[in-house]
Amino acid sequence: MPRADLNDLMAFLAVARQRSFTRAAAQLGVSQSALSQTLRGLEARLGLRLLTRTTRSVAPTEAGERLLHAAGPRLDEIDAELAALSELRDKPAGTIRITAAEHAARTVLWPTLEKLLPGYPDIKVEIVIESGLTDIVAERYDAGVRSGEMVAKDMVAVRIGPDMRMAVVGAPSYFAKRPRPKTPRDLTAHTCINLRLPTHGGLYAWEFEKGGRELRVRVEGQLVFNATAAMLDAALAGFGLAYLPEDDVRAHLADERLVRVLADWCPPFPGYHLYYPSRRQPTPAFALLVDALRYRGSAQAVRKT
């Protein structure tokens, strides 16, 4: 294949995957007009229309979908093998893209990266904060971070944090006018601070468990956020009850700025895991990061089947 055709094919894959000339151009480091001209040239040489363009969207045609599914995985494999050649260098190098929830990025990923990266200046890490579940293969991430019970199947999962607990909390000023809930169902009579999940667009249902009994409660309130830091601020200000990671509220419970309820309904659950495709060829940089993140407790890496 001529080099020009290969470059044009890579440009097509970027547009087809991003469904946007703007995002694809930014990814490739070219102008939108140059990218559009490249795609028109490829379509002319093939004698086929590969993309359907409107003023608001870009989508592959039937021929484009066929090319995307046939060529995409093969070029990804070539990229992975070329990246793996970096092991011949003196130091690990390359870019690692990870998707993680806000809390995981702040409490697990960043403390490790802060210690690791100064010694490896050729390693670049991109962390994309996403609260919902993400298809890391389709979105071309190297790995994702989620709690152990949410890790996708057919992935290698490496535990990178201890067990976690959630906590239902409210400010003393909030409870000054309201009784404390005794069971999760009592929350329906309370003002609560909601979290919106971007993947599905819905509100997160609070999860509880006691004596083998599991409950999911959908709560109501004036405020909805898509980040836990804002939920914590609202709870501290007395705007309602919030359902947050225990380590985020521990200091505020100690100084009595927050009051915890329903603690017996919030048992520990599997902590954060780094997960990635089992068929992925790890680069030296990625292997180094995985080892640095690995939780040194009793849990070991597991392969989901």
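Residues numbered from 1 in each chain as written. Predicted model: local features only at pLDDT ≥ 70, side-chain atom pairs only at ≥ 80, totals over all residues. Heavy atoms only, no water.

Trainee: Give a detailed account of the nonpolar core, specifying residues and quantitative values.
Mentor: Ranked by size, the top nonpolar core spans 57 residues in total, and within it Val145, Val168, Leu187, Trp206, Phe208 and Leu274 carry the most contacts. Here this core takes six residues from helix α5 (residues 102-116), the largest share from any one element. Not counting residues within four places of it along the chain, the set of residues in contact with Leu274 comprises Ile98, Ala143, Gly144, Val145, Val156, Ala157, Val158, Ile160, Phe286, Val290 and Leu293. In this structure, Phe21, Leu50, Val58 and Leu75 belong to the second largest nonpolar core, which totals 19 residues. (Core = buried A, V, L, I, M, F, W, Y, C linked by side-chain atoms within 4.5 Å. Buried < 20%, exposed > 50% of the residue type's maximum accessible area, 1.4 Å probe, protein only. Helix = DSSP H or I, 4+ residues; strand = E, 2+ residues; numbered from the N terminus. Contact = heavy atoms within 4.5 Å.)

Trainee: Quick rundown of the pattern of salt bridges? Include the residues and the values.
Mentor: Tallied over the entire structure, the rule returns twelve salt bridges. As a salt-bridge pair, Asp248 and Arg106 come within 3.1 Å of each other at their nearest N and O atoms. In this pair, Asp248 sits in helix α8 (residues 246-254) while Arg106 sits in helix α5, placing the two residues 142 residues apart along the sequence. The class for Asp248 is buried, based on a relative accessible area of 14%. (Salt bridge = Lys/Arg side-chain N within 4 Å of Asp/Glu carboxyl O.)

Trainee: Help me get a handle on the sheet that holds strand β12 (residues 242-245), residues and values and all.
Mentor: In space, the three strands of this open sheet follow the order β12-β7-β13, with antiparallel pairing throughout. Taken across any chain shown, the strands that pair with only one partner, and hence form the sheet edges, are β12 and β13 (259-261). Averaged over all pairs of adjacent strands, the angle between strand axes in this sheet comes to 50°, irrespective of strand direction. In this structure, strand β7 (residues 166-170) lies alongside β12, joined through four bridges in antiparallel fashion. From the neighbouring strand, Val168 faces β12, where its bridge partner is Tyr243. The strands touched by α8 within the sheet are β7, β12 and β13, with β12 carrying the most contacts at an inclination of about 105°. (Pairing = 2+ DSSP bridges. Axes fitted to C-alpha atoms, helices over the stretch in contact; angles between N-to-C directions.)

Trainee: With reference to specific residues and values, describe the pairing of β7.
Mentor: Most of β7 sits out of view: five of its five residues are buried. The two faces of β7 match: Met166, Val168 and Gly170 on one face and Ala167 and Val169 on the other face are all buried. In the sheet, β7 pairs with β13 via three bridges, with the strands oriented antiparallel. Counterpart to Gly170 in the pairing with β13 is Val259.

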